[in-house]
Amino acid sequence: MDILIVKAQKIEEIGRAGRDGRLSYCHLFYDDEMYFKLRSLMYSEGVDEYAVNKFLSEVFPADKSSCGKICSLIKESASRRFDMKEEVILTVLTRLELGDVQYLHLLPQTNVTCVLNFYKTPAVSLAQKISAIAVILKRSENRHGQHTFDLPTVANDMGVTPVELTNQLYDLKLKGEITYEMKDMAYCYRILEVPTDLLSLSADITKWLSEVESCKVRKMDVMFNAAYFAVNLCDKMNGCSSVDHTSCWQRIILDYFAGIDNIDFCKKIDQSSPFLWADIKVFLQSNSHARFTPRAVARVMHGIASPAYPYTIWGKTHFWGRYTKIDFKVVMEAAKEELKKFVGKDIL
Ligand SMILES: [Zn+2]
């Protein structure tokens, strides 16, 4: 293995090597830079409570009759809008399905935007014969005879499932009445229960996500500590030698799973930097056209791309990844304070 990987994965890799029952060796290449990079990446999926709240307000439309309805979220645009990775969106939706209360039922992901053209019968005449077409005309945007609509919306209006509607469209296509194309891959779900208190649900979900994140960072730190101990501190007794640290690794791994917290042998991650605040200020001033959250600023400083702040655009700033050695949370706090000064009270 040529990179540091989180401990659980590492153990899996070790198991793989010894699968044939023969003696196998695990070589660990130890590198500070890789540790900083990987530790930063552990923060790439975090989401702020306000974003989760915004997300939930869109998942559950305000209209009271939304129970039982099929809704969709277009993956790419939602990911950019909420600055949440697609995997994180899916994680939250799954939580809403499998948590204490089943708020929704996830359906297979599918393309939801339909672009339709009428071929034989004029649209209005066809609408008189086929109710689906009447609803489509009402619900679609017509540009040069091309009708664009959201499939779940039309299906809800008709009281059918998106699959049933698709089947009807397919029949009309076979008859030569229409042609259509589907686009925009989306998460689809049926709403089973609308949460009564979106704010507290957002708080719960955010707390859970941040616990998962802390756990990943902790794993990373324990792993790095074990490597640091073996390379720098191990007294090479109790079965260890200069190149073989099986014994101390085993002990640290067992302690980790037993919940025993070893002392942090190395404090590589800094908790402050003299230039951090000034750099954040300059960054905000030179990008005053853009809107930031503390997390977004911290990600730039840590060199972590996100859906709303992609590398192709933000990788060009010379602050990109400059503070990977400073704890992400410290950078975020500093960014929060600077943002407060920068935009006044209009901040989260
Ligand atoms: Zn050792």
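Cut-offs applied
Residues numbered from 1 in each chain as written. Predicted model: local features only at pLDDT ≥ 70, side-chain atom pairs only at ≥ 80, totals over all residues. Heavy atoms only, no water. Helix = DSSP H or I, 4+ residues; strand = E, 2+ residues; numbered from the N terminus. Buried < 20%, exposed > 50% of the residue type's maximum accessible area, 1.4 Å probe, protein only. Contact = heavy atoms within 4.5 Å. Donors = N, O, S within 2.8 Å, 3.2 Å for Na, K, Ca; no water. Tetrahedral: all angles 85-135°; square planar, octahedral: opposite > 155°, others 65-115°. Pairing = 2+ DSSP bridges. Axes fitted to C-alpha atoms, helices over the stretch in contact; angles between N-to-C directions. Domains from an automatic or database assignment. Buried area = accessible area lost by both parts, 1.4 Å probe. Salt bridge = Lys/Arg side-chain N within 4 Å of Asp/Glu carboxyl O. Nonpolar A, V, L, I, M, F, W, Y, C, P; charged D, E, K, R; others polar. Parallel < 35°, antiparallel > 145°, perpendicular 65-115°, else oblique. Left-handed = near helix turned anticlockwise from the far one by under 90°. Phe/Tyr/Trp six-rings, centres within 6.5 Å; stacked < 30°, edge-to-face > 60°. Lys NZ or Arg CZ within 6 Å of the ring centre and 35° of its normal.

S.K.: For this particular structure, what's the right way to read the environment of Cys 234?
M.R.: Looking at the secondary structure, you find Cys 234 in the loop between helix H10 (198-233) and helix H11 (246-257). Exposure remark for Cys 234: the relative accessible area of 7% places this residue in the buried category. Separated by 14 residues in sequence, Cys 234 and Cys 248 place their C-alpha atoms 7.6 Å apart. Here Cys 234 is in contact with Phe 229, Cys 240, His 245 and Cys 248, once residues within four sequence places are set aside.

S.K.: Could you clarify how one ought to interpret the coordination of the zinc ion in this entry?
M.R.: Within the protein, the zinc ion binds to Cys 234 (SG), Cys 240 (SG), His 245 (ND1) and Cys 248 (SG); these donor distances fall in the range 2.2 to 2.3 Å. Coordination at the zinc ion is tetrahedral, judged from the four donor atoms that bind it and the angles of 101 to 121° they form at the metal. Read in sequence order, the donor residues for the zinc ion give the motif C-x5-C-x4-H-x2-C. With Cys 234 in the loop between H10 and H11 and His 245 in the loop between H10 and H11, the pair connects residues that are 11 residues apart, well separated along the chain.

S.K.: What is the right way to read the sheet that holds strand E1 (residues 70-74) from this model?
M.R.: Think of a sheet as strands paired side by side through backbone hydrogen bonds, with each pair either parallel or antiparallel. Strand order in the open sheet made by the five strands is E1-E5-E2-E4-E3, with antiparallel pairing throughout. Each edge of the sheet is formed by a strand with only one pairing partner; in this case those strands are E1 and strand E3 (141-143). Sheet twist, expressed as the average angle between the axes of neighbouring strands with direction ignored, equals 35°. In the sheet, strand E2 (residues 104-118) pairs with strand E5 (residues 178-191) via 12 bridges, with the strands oriented antiparallel. Pairing of Leu 104 across the sheet is with Ile 191, part of E5. Across the face of the sheet, helix H8 (residues 151-158) comes into contact with E1, E2, strand E4 (146-150) and E5 while running at roughly 75° to E4.

S.K.: Teacher, can you tell me more about the domain arrangement of the protein chain here?
M.R.: When the parts of a complex come together, some accessible area is lost, and that lost area is often taken as the interface size. The domain boundaries assigned to the protein chain delineate domain 1 (7-44 + 203-257), domain 2 (61-191) and domain 3 (276-343). The C-alpha centroid of domain 3 is placed 37 Å from the C-alpha centroid of domain 2. Counting residues at the interface gives five residues for domain 2 and five residues for domain 3. Between domain 2 and domain 3, a total of about 380 Å² is buried, with carbon and sulfur atoms accounting for 53% of that surface. For the domain 2 face of the interface with domain 3, the top three residues by lost area are Arg 80, Asp 83 and Lys 85, together amounting to 90%. At the surface where domain 2 touches domain 3, the tally comes to one salt bridge. Classifying every residue of the side of domain 2 that touches domain 3 by side-chain character gives one nonpolar, one polar and three charged.

S.K.: Before we go on, may I ask you to explain the packing of H8 against helix H9 (residues 162-174) in this structure?
M.R.: Helix-helix packing is characterised by the crossing angle of the two axes and by the distance between the axes. Their axes nearest at 9 Å, the elements H8 and H9 cross at an angle of 100°. Relative to H9, H8 is oriented roughly perpendicular. Residues Leu 151, Pro 152, Val 154, Ala 155 and Met 158 of H8 pack against Pro 162, Leu 165, Thr 166, Gln 168 and Leu 169 of H9. Residues of the contact of H8 with H9, tallied by class, amount to eight nonpolar, two polar and no charged.

S.K.: Just checking my understanding: could you explain the packing of helix H3 (residues 49-59) against H10 for this structure?
M.R.: Closest axis-to-axis distance for the H3/H10 pair is 9 Å, and the angle between their directions is 125°. As summarised for this structure, H3 and H10 are arranged oblique, according to the angle between their axes. In this structure, H3 meets H10 at a crossing whose hand is right-handed. Across the interface between the two elements, Glu 49, Val 52, Asn 53, Leu 56 and Ser 57 of H3 pack against Leu 198, Leu 199, Leu 201, Ser 202, Ala 203, Ile 205 and Thr 206 of H10. Of the residues belonging to the contact of H3 with H10, the class tally is seven nonpolar, four polar and one charged.

S.K.: Help me understand the packing of aromatic side chains in this model?
M.R.: For any two aromatic rings, the description comes down to two numbers: the centre-to-centre distance and the angle of the planes. Per the counting criterion, the structure on display carries 13 aromatic pairs. On the numbers, 5.3 Å between centres and 90° between planes, the contact of Phe 55 with Phe 82 is edge-to-face. With Phe 55 in helix H3 and Phe 82 in helix H4 (residues 75-82), this residue pair connects regions lying 27 residues apart in the sequence. Like Phe 82, Phe 55 is buried. Taken together, Phe 283, Phe 292, Tyr 309, Trp 314 and Phe 319 form an aromatic cluster joined through their ring pairs. In this arrangement the basic side chain of Arg 95 is found over the ring face of Trp 208, its NZ or CZ atom lying 4.3 Å from the centre. Lys 173 extends its terminal NZ or CZ atom over the ring of Tyr 180, reaching a point 4.8 Å from the ring centre.

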